[in-house]
Amino acid sequence: MKTLGAELISITKGNVQISCTLNDTLTQQHGYFHAGVMTSIADVACGYAALSTMPDGSDVLTVEFKTNFIRAAETDKIIAKGTVIKSGNTLTFCEGVVTNENQDIIYATMQATMICLKPKL
């Protein structure tokens, strides 16, 4: 996330928000946020949201995700929100959404499954 300049905005149990400010290294050929940037911060937001519901000392890995791009991200800052939909003992299902800074324009959505790596005893 350091490479993207992404910043954690908020974290509560089952919910995480991450922001990312546009610069020339994060764009595609038309100057919009690159799909890889939006996917990366949505994945991390979902992963940390999932981790917030797991036992202390656990870690998290992404099992799978699907991203839908709704429109070009023609904005100076994007916000990725990750929300836990169902938290299980091993797998946690999350939804992500990538919006503009005002959170009134949706650029992408994500469905993701995360796995809990329980601490070794």
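My aim in this report is to walk through the structure given alongside it, one point at a time.

What follows is about the nonpolar core. With 30 residues, the main nonpolar core has Cys 20, Phe 33, Ile 41 and Ile 78 as its most contacted residues. Mapped onto this core, the elements with two or more residues apiece are strand E2 (15-21), helix H1 (35-51), strand E4 (77-87), strand E5 (91-100) and strand E6 (106-117). At 9 residues, the largest contribution of residues to this core is made by H1. With sequence-adjacent residues up to four places away left out, Ile 78 is seen in contact with Ile 18, Ser 19, Cys 20, Phe 33, Val 37, Met 38, Ile 41, Ala 73, Val 98, Thr 99 and Tyr 107.

Here Ser 58 lies in the loop between H1 and strand E3 (59-69). By relative accessible area, which is 12% here, Ser 58 ends up buried. Polar contacts involving the side chain of Ser 58 include one to the main-chain carbonyl oxygen of Pro 55, which spans 2.8 Å. Each residue touching Ser 58, except ones within four places of it in the same chain, is listed here: Leu 51, Cys 116, Leu 117, Lys 118 and Pro 119.

Before going further, it helps to examine the pattern of salt bridges. Under the counting rule described, the total for this entry stands at 1 salt bridge. In this structure, Glu 101 engages Lys 77 in a salt bridge whose closest nitrogen and oxygen atoms are separated by 3.8 Å. Placement of the pair is Glu 101 in the loop between E5 and E6 and Lys 77 in strand E4, with a sequence separation of 24 residues. Assessed through its relative accessible area of 23%, Lys 77 is described here as partly exposed.

How each quantity is defined
- Sequence order sets the numbering: in each chain, residues are counted from 1 along the sequence as written.
- Given that the model is predicted, a residue must reach a pLDDT of at least 70 before its local features are reported, and side-chain atom pairs must reach 80 or more before they are shown or counted; all residues, however, enter totals for whole chains, interfaces and linings.
- Hydrogens are left out, water is left out, and the side-chain values use all remaining heavy atoms of the structure.
- For this analysis, a nonpolar core means a set of buried residues of the types Ala, Val, Leu, Ile, Met, Phe, Trp, Tyr and Cys, connected via side-chain atoms within 4.5 Å.
- Relative accessibility thresholds used throughout: buried, under 20% of the residue-type maximum; exposed, over 50%; partly exposed, between the two (1.4 Å probe, protein chains only).
- Comment: elements are numbered from the N terminus, with helices defined as DSSP H or I runs of at least four residues and strands as E runs of at least two.
- Two residues form a contact once any of their heavy atoms are found within 4.5 Å.
- Two N or O atoms count as a polar contact when they lie within 3.5 Å, although within protein this holds only if one can serve as hydrogen donor and the other as acceptor, and sequence-adjacent residues are included solely when both atoms are side-chain atoms.
- The rule for a salt bridge is simple: a side-chain nitrogen of Lys or Arg has to be within 4 Å of a carboxyl oxygen of Asp or Glu.

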